[in-house]
Amino acid sequence: MSSTLLEVTRAAYEEVEQLERLKVKDLQTEQPTSKDCLFQSHRVRNMIDTITSTTEKIIEIYEDKDNARKDEIAALGGQNATGTNVFSAFYDRLKEIREYHRKHPAARVVDVDANEDYEALLKEEPVIEFTGEPQNIPHKLKSMR
(Lines give C-alpha, C1' and ligand atoms only; values in the text may rest on other atoms or scores of the structure.)
Protein backbone atom coordinates (compact mmCIF):
# COMPACT_ATOMS: atom_id res chain seq x y z
CA MET A 1 0.00 0.00 0.00
CA SER A 2 0.91 3.59 -0.36
CA SER A 3 2.43 5.57 2.44
CA THR A 4 -0.38 8.14 2.44
CA LEU A 5 -3.55 7.65 4.43
CA LEU A 6 -5.66 9.16 1.67
CA GLU A 7 -4.34 6.58 -0.80
CA VAL A 8 -4.92 3.77 1.71
CA THR A 9 -8.49 5.02 2.17
CA ARG A 10 -9.08 5.19 -1.59
CA ALA A 11 -7.73 1.67 -2.08
CA ALA A 12 -9.89 0.34 0.75
CA TYR A 13 -13.02 1.87 -0.79
CA GLU A 14 -12.09 0.36 -4.15
CA GLU A 15 -11.65 -3.08 -2.59
CA VAL A 16 -15.03 -2.85 -0.85
CA GLU A 17 -16.76 -1.86 -4.09
CA GLN A 18 -15.13 -4.72 -6.00
CA LEU A 19 -16.13 -7.24 -3.34
CA GLU A 20 -19.70 -5.91 -3.33
CA ARG A 21 -19.95 -6.31 -7.12
CA LEU A 22 -18.45 -9.78 -6.90
CA LYS A 23 -20.85 -10.78 -4.12
CA VAL A 24 -23.84 -9.67 -6.20
CA LYS A 25 -22.52 -11.50 -9.26
CA ASP A 26 -22.01 -14.68 -7.23
CA LEU A 27 -25.50 -14.49 -5.72
CA GLN A 28 -27.09 -13.97 -9.15
CA THR A 29 -25.80 -17.32 -10.40
CA GLU A 30 -28.02 -20.23 -9.50
CA GLN A 31 -26.15 -23.21 -8.12
CA PRO A 32 -27.11 -26.65 -9.50
CA THR A 33 -26.36 -28.72 -6.40
CA SER A 34 -26.67 -28.21 -2.67
CA LYS A 35 -22.89 -28.61 -2.35
CA ASP A 36 -22.34 -25.74 -4.79
CA CYS A 37 -24.95 -23.71 -2.91
CA LEU A 38 -23.08 -24.32 0.33
CA PHE A 39 -19.78 -23.28 -1.27
CA GLN A 40 -21.48 -20.16 -2.61
CA SER A 41 -22.74 -19.32 0.88
CA HIS A 42 -19.25 -19.69 2.32
CA ARG A 43 -17.72 -17.56 -0.46
CA VAL A 44 -20.26 -14.82 0.13
CA ARG A 45 -19.71 -15.01 3.89
CA ASN A 46 -15.93 -14.68 3.37
CA MET A 47 -16.52 -11.66 1.14
CA ILE A 48 -18.79 -10.08 3.76
CA ASP A 49 -16.15 -10.67 6.45
CA THR A 50 -13.51 -9.03 4.26
CA ILE A 51 -15.80 -6.09 3.56
CA THR A 52 -16.47 -5.71 7.29
CA SER A 53 -12.79 -5.74 8.24
CA THR A 54 -11.92 -3.30 5.46
CA THR A 55 -14.66 -0.88 6.51
CA GLU A 56 -13.41 -1.10 10.10
CA LYS A 57 -9.99 0.02 8.84
CA ILE A 58 -11.64 2.91 7.00
CA ILE A 59 -13.47 3.93 10.18
CA GLU A 60 -10.18 3.88 12.12
CA ILE A 61 -8.63 6.17 9.52
CA TYR A 62 -11.56 8.60 9.77
CA GLU A 63 -11.47 8.58 13.58
CA ASP A 64 -7.94 9.99 13.21
CA LYS A 65 -6.84 9.34 16.79
CA ASP A 66 -3.23 10.34 16.08
CA ASN A 67 -4.16 13.31 13.84
CA ALA A 68 -2.19 11.77 10.96
CA ARG A 69 -5.04 12.22 8.48
CA LYS A 70 -5.55 15.83 9.54
CA ASP A 71 -1.81 16.50 9.17
CA GLU A 72 -1.75 14.83 5.76
CA ILE A 73 -4.66 16.93 4.49
CA ALA A 74 -2.99 20.04 5.88
CA ALA A 75 0.27 19.05 4.18
CA LEU A 76 -1.53 18.71 0.85
CA GLY A 77 -2.74 22.27 1.31
CA GLY A 78 0.79 23.42 2.10
CA GLN A 79 -0.04 24.23 5.71
CA ASN A 80 2.03 22.86 8.52
CA ALA A 81 3.76 24.02 11.68
CA THR A 82 6.85 25.29 9.83
CA GLY A 83 4.82 27.32 7.31
CA THR A 84 6.17 25.73 4.15
CA ASN A 85 5.30 26.99 0.69
CA VAL A 86 2.21 25.48 -1.00
CA PHE A 87 4.09 24.59 -4.16
CA SER A 88 7.08 23.04 -2.42
CA ALA A 89 4.75 20.86 -0.34
CA PHE A 90 2.90 19.80 -3.49
CA TYR A 91 6.06 18.88 -5.38
CA ASP A 92 7.49 17.04 -2.38
CA ARG A 93 4.30 14.94 -2.16
CA LEU A 94 4.33 14.38 -5.93
CA LYS A 95 7.93 13.19 -5.73
CA GLU A 96 7.06 10.85 -2.85
CA ILE A 97 4.12 9.35 -4.77
CA ARG A 98 6.18 8.89 -7.94
CA GLU A 99 8.94 7.15 -5.98
CA TYR A 100 6.39 4.85 -4.39
CA HIS A 101 4.89 3.85 -7.76
CA ARG A 102 8.36 3.41 -9.23
CA LYS A 103 9.25 1.01 -6.39
CA HIS A 104 5.87 -0.78 -6.47
CA PRO A 105 4.65 -0.99 -10.07
CA ALA A 106 2.07 -3.66 -9.13
CA ALA A 107 0.18 -1.07 -7.05
CA ARG A 108 -1.19 0.63 -10.14
CA VAL A 109 -4.95 0.87 -10.52
CA VAL A 110 -6.41 -2.01 -12.52
CA ASP A 111 -9.65 -1.95 -14.51
CA VAL A 112 -12.38 -3.64 -12.48
CA ASP A 113 -13.69 -5.69 -15.42
CA ALA A 114 -10.23 -7.02 -16.24
CA ASN A 115 -9.45 -8.04 -12.67
CA GLU A 116 -9.12 -11.81 -12.90
CA ASP A 117 -8.20 -12.29 -9.24
CA TYR A 118 -11.67 -11.37 -8.08
CA GLU A 119 -13.27 -13.49 -10.80
CA ALA A 120 -11.16 -16.44 -9.63
CA LEU A 121 -12.82 -16.15 -6.22
CA LEU A 122 -16.10 -17.21 -7.79
CA LYS A 123 -14.59 -20.42 -9.12
CA GLU A 124 -12.64 -21.62 -6.10
CA GLU A 125 -13.94 -23.71 -3.28
CA PRO A 126 -13.90 -21.80 0.02
CA VAL A 127 -11.84 -22.94 2.98
CA ILE A 128 -14.27 -24.17 5.60
CA GLU A 129 -12.99 -24.38 9.16
CA PHE A 130 -14.96 -26.44 11.62
CA THR A 131 -14.80 -25.49 15.26
CA GLY A 132 -16.35 -28.52 16.91
CA GLU A 133 -15.38 -32.13 17.30
CA PRO A 134 -17.22 -34.43 14.86
CA GLN A 135 -19.87 -36.62 16.50
CA ASN A 136 -20.79 -40.27 15.86
CA ILE A 137 -17.89 -41.24 13.62
CA PRO A 138 -17.72 -45.01 12.96
CA HIS A 139 -13.89 -45.22 13.03
CA LYS A 140 -13.87 -43.81 16.58
CA LEU A 141 -16.35 -46.44 17.65
CA LYS A 142 -14.23 -49.23 16.17
CA SER A 143 -11.10 -48.02 17.99
CA MET A 144 -12.95 -48.05 21.32
CA ARG A 145 -13.77 -51.76 21.06
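Here the structure is a predicted model, which means the values were calculated and not measured.

Bringing the overall build of the protein into the picture now. Assigned secondary structure in the protein consists of six helices and zero strands. For the protein, the N- to C-terminal ordering of α and β elements is α-α-α-α-α-α. Within the span of the protein, comprising 145 residues, buried residues form 21% of the whole. By sequence separation, contacts in the protein at least 24 residues apart represent 67% of the contacts at least 6 residues apart.

Turning to the environment of R69, a few remarks are in order. Inspection of the secondary structure puts R69 in helix α3 (residues 68–76). When the C-alpha atoms of R69 and L6 are compared, they prove to be 7.5 Å apart, with 63 residues separating the residues in sequence. Once residues within four sequence positions are removed from consideration, R69 is found in contact with L5, L6, I61, Y62 and D64.

Looking now at the nonpolar core. Formed by V16, L19, L22, M47, I51, Y118 and L122, the largest nonpolar core amounts to seven residues. For this core, the elements supplying multiple residues, two or more each, are α1 (5–28), α2 (34–63) and α5 (116–123). With three residues, α1 is the largest single contributor of residues to this core. In contact with Y118, not counting residues within four places along its chain, are E15, Q18, L19 and L22.

Before going further, it helps to spend a moment on the side chain of T54. Mapped onto the elements of the fold, T54 is located in helix α2. When near neighbours in sequence (up to four residues on either side) are disregarded, T54 contacts A12, E15 and V16.

The next thing to look at is α1. For α1, with 24 residues, the first-to-last C-alpha span of 35 Å sits near the 34 Å given by 1.5 Å per residue. Inspection of α1 places T9, A11, A12, V16, Q18, L19, L22 and D26 among the buried residues, and these make up the whole buried set.

It is worth spelling out the environment of E20 at this point. The residue E20 is located in helix α1 in this model. You can call E20 partly exposed: its relative accessible area is 37%. For the pair formed by E20 and I48, sequence separation is 28 residues and the distance between their alpha carbons is 8.3 Å.

What follows deals with unusual backbone geometry. Backbone geometry at D64 places phi at a positive 50°, although glycine is not the residue there. Considering the arrangement of structural elements, one finds D64 in the loop between α2 and α3.

Right, let's get into the confidence of the model for the protein. Taken residue by residue, the protein gives an average pLDDT of 79. The fraction at 70 or more is 72%. For the protein, per-element mean pLDDT is lowest for helix α6 (residues 138–144), which scores 49, and highest for α2, which scores 94.

Below, the discussion takes up a nonpolar patch on the surface. Taken together, the side chains of L6, I73 and L76 present a nonpolar region at the surface, about 230 Å² in accessible area. In this fold, L6 is placed in helix α1. Taking the relative accessible area as the measure of exposure, L6 reaches 31% and is therefore partly exposed.

Definitions and cut-offs
Residues numbered from 1 in each chain as written. Predicted model: local features only at pLDDT ≥ 70, side-chain atom pairs only at ≥ 80, totals over all residues. Heavy atoms only, no water. Helix = DSSP H or I, 4+ residues; strand = E, 2+ residues; numbered from the N terminus. Buried < 20%, exposed > 50% of the residue type's maximum accessible area, 1.4 Å probe, protein only. Contact = heavy atoms within 4.5 Å. Core = buried A, V, L, I, M, F, W, Y, C linked by side-chain atoms within 4.5 Å. Expected span 1.5 Å × (residues − 1). pLDDT = per-residue confidence, 0-100. Patch = residues over 30% accessible without salt bridge, like charges linked within 9 Å, V, L, I, M, F, W, Y side chains within 5 Å. Areas by Shrake-Rupley, 256 points an atom, 1.4 Å probe, with all protein chains shown as cover. Salt bridge = Lys/Arg side-chain N within 4 Å of Asp/Glu carboxyl O.

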